[in-house]
Amino acid sequence: MRRIVKKKLKKRKENHLSKSIHSLHFIHYIVLAIILFVVLFSNVKPDTFDAKLFSISEQTIYAPTTVVDEEMTKKKQEEAAANVEDQYVLNQGYVENSVTMVKSIFDSIIEVSKLAEQNRENEHVVSDDIQKKLQETLTSAVYEKIPTDVLTILLKANESELNLARDSVVTAVHNIMSKPIKVEQVAEARASVKNELQYVNLSNELVQAAAKIGEMAIIPNYTFDVQATEAKRQQAREEVQEVQIKQGQIIVEEGQLIDREVYRKLELLGLLDNKYTFQPFIGLSLLILLMISLLIYYVEKEKKFYISKHQSLLLYTIIFSITLAMMKIISLFQEMDYSHIGFIVPVSMGVMLIKLLINPRLAFVTSLIFAICGSLIFNEDVTSTFNFIVGLYYLFGCLAAILFLGEHNVRAKILQAGLFVSLVNVFVVTSVTLIQNGSTSNLEIGSYFVMAAVSGVVSSVLAIGFLPFFESGFGILSTMKLIELSNPNHPLLRKILTEAPGTYHHSVMVANLAESACEAIGANGLLARVGSYYHDIGKTKRPHYFIENQMNMENPHDKLSAQLSKNIIIAHTTEGAEMLRKHKMPKEFIDIAEQHHGTSLLKYFYHKAKENSHHEILEEEFRYPGPKPQTKEIAVISIADSVEAAVRSLKNPTPDKIEKLVKAIIKDRIQDGQFDECNITFKELDIVAKSLCETLKGIFHSRIEYPELADKKVKQA
């Protein structure tokens, strides 16, 4: 019951601690976002000018960005639409209507012509009855359009003449109306009716009368097409390209009058003092949110940090702020017309420190963030918001630094990386200069090369200078620091070598085994190797009480009680940790010295005590004080430590014997609960066993047995 309560309390504490840590992480991200916004705020703030209408411009003003001039675009579209000619269509229905009207008139005249027969004696007067009858037949609207003399002539004609006249006029009207006739062409078209009838076999008087009927039927048939005209105008509008004010375009030159058109463009671009916009700041906020989100994704997903995640974020914030501050300070010289002054910023220093002290993958992400920030900060010499040349320059420089440092980081490598960055910077500057194909002077190109070279070298120098401060301030055990501590000339390693040579050899063997096993499961192999060198430093207090240092001498434990021997053996973990603390060694090494035996049992002395004692012997008295291994690296070292000692004791080690021994040791450790407090899995332990067996087989491989040669006396001939 008590165990259950303790577990619940422990779980609550862990949950509370986890929430507190996540809150601290969130604070770091907020701080980074605020730093980015404060630094980049002035670089995205739109430039405004105190320009008055009809005043003289005090400076040349360029367009900061490309915008569409909608007003001018609309004006050009309307001009294009106005230039489109009206569209007309030939209305075939009008032809039929005109022909039908002509037929109707002549048919009506033919109908009443019989009434005219009785009035033949009076050639000039048509009876009122006939006129009335004709009016009723033709309708008043048509009747009134026909002159009286024309009707009189037509009514005097006989039926055959009227039929011929009708057919001739219908043909003439059909021929003329089949062609397009605009309003202004009606008179000309009507005049052509007579030409069509000039060869008809009728009297001239009758032809003239028939022509009048035909002329009356001619009307405009080529009418205005509203839909077609509008479609053409719309097409003309769409073909007009957008009128743009191009980025970098001169809006007004120094000394030029600011007329209404110039003032309108300045207002459209938001360059007037009386126009304030929040859009750039909203855009900056979204960009920062994107960068911080990318950072959060990598930091929270990544598990391999040289120090705790909270400390890593704090250190990252410091390094990031220092690098950003250098950018901002150097950017102030842009106002002094130093062209491309951004080339001299030692931005690679930031990613070097992040790779060496925090995490390599995080350094890659930071390279992209630095490139974006640099392109915004150094935008004074360009007309756009982003200086893509500087951004590209920073990106390549940072990536070159990360890639050249590689996996094994030493101080000499940092300086070499700086020189490599300088070389890459010069290449980038050269390529950009050639691509632009501008009129850059040799003096300018030379200054660019100098700044590019200085940037790389200064980056490495600053990285080397900052490194010790960050390492000591945050207690970081970096790869470079590990390599330095693995130097055999280190005082503690020399102490082990001179005072306990057997222990030194044992430590080197354990280091080889532990490194390969850790790398096989994705743990820090270098930490395991170097930590193994120091894990038995406590044995230098009493070296001869440990079997590996007993060369041709009597075992002192044979004369001691099991309890006293146990105290001496167990003490080497606590005494070793104390020695490491005294020499200010990394905490990881102290943990390895304390935890590599965990709370395991000294079986030999425990059984010896039980055999020689008449009272009960408690097992807890013959266990190491611990704590148990807390990390994968320490767990692997503890296995390698036991395996190396056990295999060394075998008389004829074979692969099968080694494999059985390794598995038995790991199984015993699992059953004893030695790995309960670290996150190593059964699958990883199986991989560790295979790795240890492979390494041990390479060490204890079979050798050729050379026969002893009997001494022979050589007789002189």
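Residues numbered from 1 in each chain as written. Predicted model: local features only at pLDDT ≥ 70, side-chain atom pairs only at ≥ 80, totals over all residues. Heavy atoms only, no water.

Trainee: How do you make sense of the overall build of the protein chain when you look at a structure like this?
Mentor: For the protein chain, the count of helices and strands is 28 helices and 6 strands. Classification of the 717 residues of the protein chain by burial places 44% in the buried group. Sequence-distant contacts in the protein chain: of pairs separated by 6 or more residues, those separated by 24 or more amount to 79%. On the protein chain, roughly 40,200 Å² of surface is accessible, and the fraction owed to carbon and sulfur atoms is 56%. (Helix = DSSP H or I, 4+ residues; strand = E, 2+ residues; numbered from the N terminus. Buried < 20%, exposed > 50% of the residue type's maximum accessible area, 1.4 Å probe, protein only. Contact = heavy atoms within 4.5 Å. Areas by Shrake-Rupley, 256 points an atom, 1.4 Å probe, with all protein chains shown as cover.)

Trainee: For this particular structure, what's the right way to read the pattern of salt bridges?
Mentor: Pairs can form between side chains of opposite charge once their charged atoms are near each other. In this structure the tally under the stated criterion is 24 salt bridges. The shortest N-O distance in the salt bridge between R264 and E261 comes to 2.7 Å. Linking R264 with E261, this pair stays in helix α11 (residues 260-268), spanning 3 residues, or about one helical turn. Measuring nitrogen to oxygen at the nearest pair gives 3.7 Å for the salt bridge that ties E578 to R581. Of this pair, E578 and R581 both sit in helix α23 (residues 562-582), 3 residues apart, which is roughly one turn of that helix. (Salt bridge = Lys/Arg side-chain N within 4 Å of Asp/Glu carboxyl O.)

Trainee: Looking at this structure, how should I read the packing of aromatic side chains?
Mentor: Given two aromatic rings, their pairing is described by the distance between the two centres and the angle made by the two planes. Scanning the model with the defined rule gives 15 aromatic pairs in all. The rings of F343, F378, Y393, Y394 and Y448 are connected pair by pair, giving a single aromatic cluster. Residue placement shows K413 over the ring face of F404; its charged tip is 5.0 Å from the ring centre. In this structure, K566 packs its charged tip against the face of F622, placed 5.4 Å from the ring centre. (Phe/Tyr/Trp six-rings, centres within 6.5 Å; stacked < 30°, edge-to-face > 60°. Lys NZ or Arg CZ within 6 Å of the ring centre and 35° of its normal.)

Trainee: Before we go on, may I ask you to explain helix α22 (residues 525-534) in this structure?
Mentor: Because an α-helix packs 3.6 residues into every turn, residues spaced three or four apart end up facing the same way. Within α22, 10 of the 10 residues are buried, which leaves the element mostly enclosed by the surrounding structure. All buried positions along α22 are accounted for by G525, L526, L527, A528, R529, V530, G531, S532, Y533 and Y534. Buried residues in α22 make contact with α19 (479-485), α20 (491-499), α21 (501-520), α23, α24 (587-595) and α26 (632-648). One side-chain oxygen of the residue at the start of α22 lies 3.3 Å from the amide nitrogen of L526, identifying that residue as N524. (Polar contact = N/O pair within 3.5 Å; in protein donor to acceptor, adjacent residues only side chain to side chain.)

Trainee: I keep staring at the packing of α23 against helix α25 (residues 603-612) and nothing clicks. Help me out?
Mentor: How two helices sit against one another is set out by the angle between their axes and by the gap between those axes. Axis separation between α23 and α25 bottoms out at 9 Å; the angle between their running directions is 165°. With respect to α25, the element α23 is oriented roughly antiparallel. In this structure, the crossing between α23 and α25 has a hand that is left-handed. Between α23 and α25, the residues in contact are A562, Q563, S565 and I569 and F605, K608 and A609, respectively. Residue classes in the contact of α23 with α25 are distributed as 4 nonpolar, 2 polar and 1 charged. (Axes fitted to C-alpha atoms, helices over the stretch in contact; angles between N-to-C directions. Parallel < 35°, antiparallel > 145°, perpendicular 65-115°, else oblique. Left-handed = near helix turned anticlockwise from the far one by under 90°. Nonpolar A, V, L, I, M, F, W, Y, C, P; charged D, E, K, R; others polar.)

Trainee: Is there a simple way to think about the environment of I330 in this case?
Mentor: For I330, the position within the fold is in helix α13 (residues 309-331). Among residues more than four places away in sequence, those in contact with I330 are I341, I344, V345, P346 and F378.

Trainee: Hey, could you run me through the environment of P468 in this one?
Mentor: Following the sequence through the fold, P468 ends up in helix α18 (residues 442-474). Assessed through its relative accessible area of 35%, P468 is described here as partly exposed. Once the C-alpha coordinates of P468 and K481 are considered, the two residues, 13 residues apart in sequence, prove to be 9.6 Å apart.

Trainee: Got a minute to help me understand helix α15 (residues 360-377) in this structure?
Mentor: For α15, which comprises 18 residues, the first-to-last C-alpha distance of 25 Å matches the rise-based estimate of 26 Å (1.5 Å per residue) to within 8%. Counting buried positions along α15 yields 13 of 18 residues, so the element is predominantly enclosed. With a side-chain oxygen positioned 2.9 Å from the backbone nitrogen of R361, the residue opening α15 is N359. (Expected span 1.5 Å × (residues − 1).)

Trainee: I tried to follow the packing of α21 against α22 on my own but got confused; where do I start?
Mentor: For the pair α21 and α22, the least separation of the axes is 8 Å and the interaxial angle reads 165°. The orientation of α21 with respect to α22, classified from their angle, is roughly antiparallel. Note on packing geometry: the crossing formed by α21 with α22 is right-handed. Residues S507, V508, V510, A511, N512, A514, E515, C518 and E519 of α21 lie in contact with α22, whose contacting residues are G525, A528, R529, S532 and Y533. Per-class residue counts for the contact of α21 with α22 are 7 nonpolar, 4 polar and 3 charged.

Trainee: Got a minute to help me understand unusual backbone geometry in this structure?
Mentor: Peptide bonds are, in most cases, trans, and in most cases residues other than glycine have a negative phi. Cis geometry marks the peptide bond from G626 to P627, where omega comes out at 5°. On the secondary structure map, P627 appears in the loop between α25 and α26. Notably, K584 is not glycine yet its phi reads approximately 55°, a positive angle. In this fold, K584 is placed in the loop between α23 and α24. Judged by relative accessible area, which is 76%, K584 ranks as exposed.

Trainee: Explanation requested: the confidence of the model for the protein chain in the structure shown.
Mentor: A low pLDDT means the predicted coordinates there should not be read in detail. Residues with a pLDDT of 70 or more make up 87% of the protein chain, whose mean pLDDT is 83. Within the model, the stretch residues 1-7 combines pLDDT values under 50 with 0 contacts to residues more than four positions away or in other chains. (pLDDT = per-residue confidence, 0-100.)

Trainee: Could you clarify how one ought to interpret a nonpolar patch on the surface in this entry?
Mentor: On the surface, a nonpolar cluster with roughly 400 Å² of combined accessible area is contributed by F26, I30, I34 and V38. Tracing the backbone shows V38 in helix α1 (residues 2-44). (Patch = residues over 30% accessible without salt bridge, like charges linked within 9 Å, V, L, I, M, F, W, Y side chains within 5 Å.)

Trainee: Could you clarify how one ought to interpret the environment of M579 in this entry?
Mentor: Inspection of the secondary structure assignment puts M579 in helix α23. Setting aside residues up to four positions removed in sequence, M579 forms contacts with K495, I537, G538, T540 and K541.

Trainee: Is there a simple way to explain the side chain of N425 in this structure?
Mentor: Here N425 is to be found in helix α17 (residues 411-436). Not counting residues within four places of it along the chain, the set of residues in contact with N425 comprises Y393, G397, A452, S455 and G456.

Trainee: Would you mind going over the side chain of S565 with me for this structure?
Mentor: You can see S565 is positioned in helix α23. Judged by relative accessible area, which is 0%, S565 ranks as buried. When sequence neighbours within four positions are dropped, the list of residues in contact with S565 reads H557, L560 and F605.

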